[in-house]
Amino acid sequence: MATSSKAPESKDYYEKGSTQATEMTAVTLKKLAQRRNLTGSSERLVIVLVGLPGRGKSFIARKLHSFLTWRGNECKIFNVGKYRRQVQKEEEAKEESTVEATATTGGGVEAIRKSVGACDANFFDSKNPKAKELREKSAALAMKDMLAWLDYECPLEEQEQNGGCVTTTDQIGSKASFVSSRIAIFDATNSTVERRKWVLEEATSPEKRVGKKTGCVFVESVCDDEELLDENFRFKVRNSPDFQGMTEAEAIADLRNRCQKYEEAYQTVDDDTQSYIKIFNLSSKLLVNHIYGRMAKTIVPCLMSWNIGSRPIYLIRAGETMSSSQEHDPRKPRRVSRGDKLGPRGRHFRNALENFMRKEGIQFAQKSHDAMKIAFAPQSRATGTSISGIAADNDKAWLIENDSDKDTMQDLPFNIHIMSSTMPRAVETASWESMPFRIHELPNLNPLDKGDYSGMELEEIKEIDPEWYATLEKDPFLTRFPGGECYADLIQRLETCIIDMEQQVNMACVVSHISVLQVLMAYFRRTPVKECTSIEVPMHTVIKYTPVTGGGWTESMHKVYSDHDLDKTDHNVSLDRTAFVHGPIWGDHSSSPRNSVRLGESFENAGCVIDENCAFPLTE
């Protein structure tokens, strides 16, 4: 008996595609060959900056250095301009040794400029053979130092101390594997094809660098926005040693002349056999060619996020919970539940925080409004179709007073990008009745997972498992909690959060927990991330980061919940019970934080101001 088979259902190719397995062909292998070579991560990487003066290359270099170092890499900037000034200074010293110094320098401004190796625009003329020779010598010296740094092999003891090797222990998973790459940033104009070929040959040639595989990526900064250029020029002439002794007008004129000299011989990056990224007007547009692996995963998103805005970023520790506020038997260990909600003091802090952030928002809006009025006053239009017109039409919105009658979103002249962990206490801390901004609840911001020891304090863990605790004391950054995480693991999940914060043009607020905030603070402070476990994160305090010109941040701490409102007895119970001074991780009951910030102290590369000393924390 014949059977009939049901005809297969027709499928829409444009929706579901084909079910046929892909085949390996000569065409696909050929096309993917270069991608395969570039996807693998080299232990050494050179990022070569390209661009005319005043295009933000050094800004990009500093931001790259901060981010890559925070990720645990060894990173160093080799600025050819520094080498050039030193070479020029030595050359002038030789010339002066053959003639009377008084006849050549005449003292005054010229002597000052020569003392720092300052060069005027004529030094950058491509038709000046002597200057060209000195520029090439400077680049060669920088290249020599860069390659020596890339190839330096640390002794094993130093590698382990710096976290620059894979660490393993007898107990699988008890320590994180942490491999640190060496990344050099070659900061110069590198404005010709000839110069870039030389850099590529010196850094990556298998013949010259046998057994020292090195990746190379060109990052070109292109800027044709005149207003942006004017701001960049003003910053450069106020900070570069090349313009010492000049008035600002003279310095800008000299810088424009220098740019013109470079433009005569400038050749943009367009060799599609090379790996390169082109940034237009400081990240308004990116062009990417042959960028794969870690470059595609991390550096490209970062380059797209960085901007020169003045928006502040606020880091806030979640308020106290019911369990931390309640009295407990000092003879028993305190246990914290991840699902705890805010207690009375936590809610009081939340309300005080709401008032503080509202005042900060009004202040930020007013400063933005004033800057817009100054910048666009000559082009102001009544139509509201331009940026200046919009600003003019919204004068009343920007000037809203901070009064209790303004309770709706429509009345607020500012916006806050709020990021919170998924913990109830964090979400509650960021929930403000008069400012119901959307809260982006992110599991990436959840506290360090302590695995089997979740909810326990360090002093209790020390009593339960002294052997593991001894490992934690020796290496608090890489030691993983049994079944949980270590601090090095946090970096992986916080990368996207850093990018999200950096890309904001409005105020950004992060409500999280001690471990996460320690890692984030290490980024903004530009301090070694491996030392973040000892950073103090005070309770009832807003940690504010304000961008500074050049790519850095200043830190200030603001206590929004007065000490006299706190019941300090609860803060000292466990201390009295165990006399536990501090552990390898700054956290619960740390009475002597090793990396705390006090009034009047400051960090290298980022000033730090504190309103007052802060109370010690109870729980994450």
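Above: the structure in question.
Structural notes, computed from the coordinates.

Conventions adopted
- Residues numbered from 1 in each chain as written.
- Predicted model: local features only at pLDDT ≥ 70, side-chain atom pairs only at ≥ 80, totals over all residues.
- Heavy atoms only, no water.
- Buried < 20%, exposed > 50% of the residue type's maximum accessible area, 1.4 Å probe, protein only.
- Helix = DSSP H or I, 4+ residues; strand = E, 2+ residues; numbered from the N terminus.
- Pairing = 2+ DSSP bridges.
- Phe/Tyr/Trp six-rings, centres within 6.5 Å; stacked < 30°, edge-to-face > 60°.
- Core = buried A, V, L, I, M, F, W, Y, C linked by side-chain atoms within 4.5 Å.
- Expected span 1.5 Å × (residues − 1).
- Arc of directions from axis to C-beta.
- Contact = heavy atoms within 4.5 Å.
- Polar contact = N/O pair within 3.5 Å; in protein donor to acceptor, adjacent residues only side chain to side chain.
- Salt bridge = Lys/Arg side-chain N within 4 Å of Asp/Glu carboxyl O.

Observations regarding the pairing of strand β7 (residues 313-317)
Inference 1: Burial of β7 is extensive: five of the five residues sit out of reach of the surface.
Inference 2: Of the two faces of β7, both are covered, the one formed by Ile313, Leu315 and Arg317 as well as the one formed by Tyr314 and Ile316.
Inference 3: Across five bridges, β7 lies against strand β10 (residues 507-512) in parallel orientation. The residue of β10 that forms the bridge with Leu315 is Val510.
Inference 4: Relative to strand β11 (residues 541-547), β7 is paired through four bridges, and the arrangement is antiparallel. Following the sheet pairing, Ile313 is matched in β11 by Tyr545.

Quick notes on the pairing of strand β12 (residues 553-559)
Inference 1: Burial runs high along β12: six of the seven residues are buried.
Inference 2: Both β11 and β12 contribute to a ladder of seven bridges, which runs antiparallel. Each residue of the ladder has a partner; that of Tyr545, found in β12, is Glu555.
Inference 3: A loop of five residues connects β11 with β12, the two strands running antiparallel in sequence, and Gly550 in this loop sits at a positive phi of about 110°.

Section: the packing of aromatic side chains
Aromatic ring pairs are defined here through the distance separating the ring centres and the angle between the ring planes.
Inference 1: In the structure shown here, the tally under the stated rule is 10 aromatic pairs.
Inference 2: Note on Phe524 and Tyr545: the rings are 4.8 Å apart at their centroids and 20° apart in plane angle, and the pair reads as stacked. With Phe524 in helix α21 (residues 514-525) and Tyr545 in strand β11, this residue pair connects regions lying 21 residues apart in the sequence. Each member of the pair, Phe524 together with Tyr545, is buried.

Observations concerning the nonpolar core
Inference 1: Ranked by internal contacts, the top residues of the largest apolar core, which has 82 residues, are Ile47, Trp70, Leu315, Met501 and Leu520.
Inference 2: By size, the runner-up hydrophobic cluster in this structure holds 28 residues, among which are Ile316, Ala318, Ile439 and Val511.

Let's talk about helix α10 (residues 226-239)
Inference 1: For α10, built from 14 residues, the straight-helix expectation of 20 Å at 1.5 Å per residue is met to within 8% by its first-to-last C-alpha distance of 20 Å.
Inference 2: Residues of α10 that are buried include every one of Leu228, Leu229, Asn232, Phe233 and Val237, and no others. Axial view of α10: buried residues confined to an arc of 155°, hence all on one face. When the buried face of α10 is taken as reference, the exposed residues oriented beyond 90 degrees from it are Glu227 and Arg238.
Inference 3: Taken together, the buried residues of α10 touch α11 (248-263).
Inference 4: With a side-chain oxygen lying 3.0 Å from the backbone nitrogen of Glu227, the N-terminal cap of α10 falls on Asp225.

Observations regarding the pattern of salt bridges
Inference 1: Under the criterion given, the structure shown has 21 salt bridges.
Inference 2: The closest approach of N and O atoms between Asp230 and Arg256, which form a salt bridge, is 2.6 Å. Remark: Arg256 occurs in helix α11 and Asp230 occurs in helix α10; sequence separation between them is 26 residues.
Inference 3: Using a relative accessible area of 27% as the deciding quantity, one classes Asp230 as partly exposed.
Inference 4: Here Arg238 ties to Glu248 by a salt bridge, and the two come within 2.9 Å at their closest N and O atoms.

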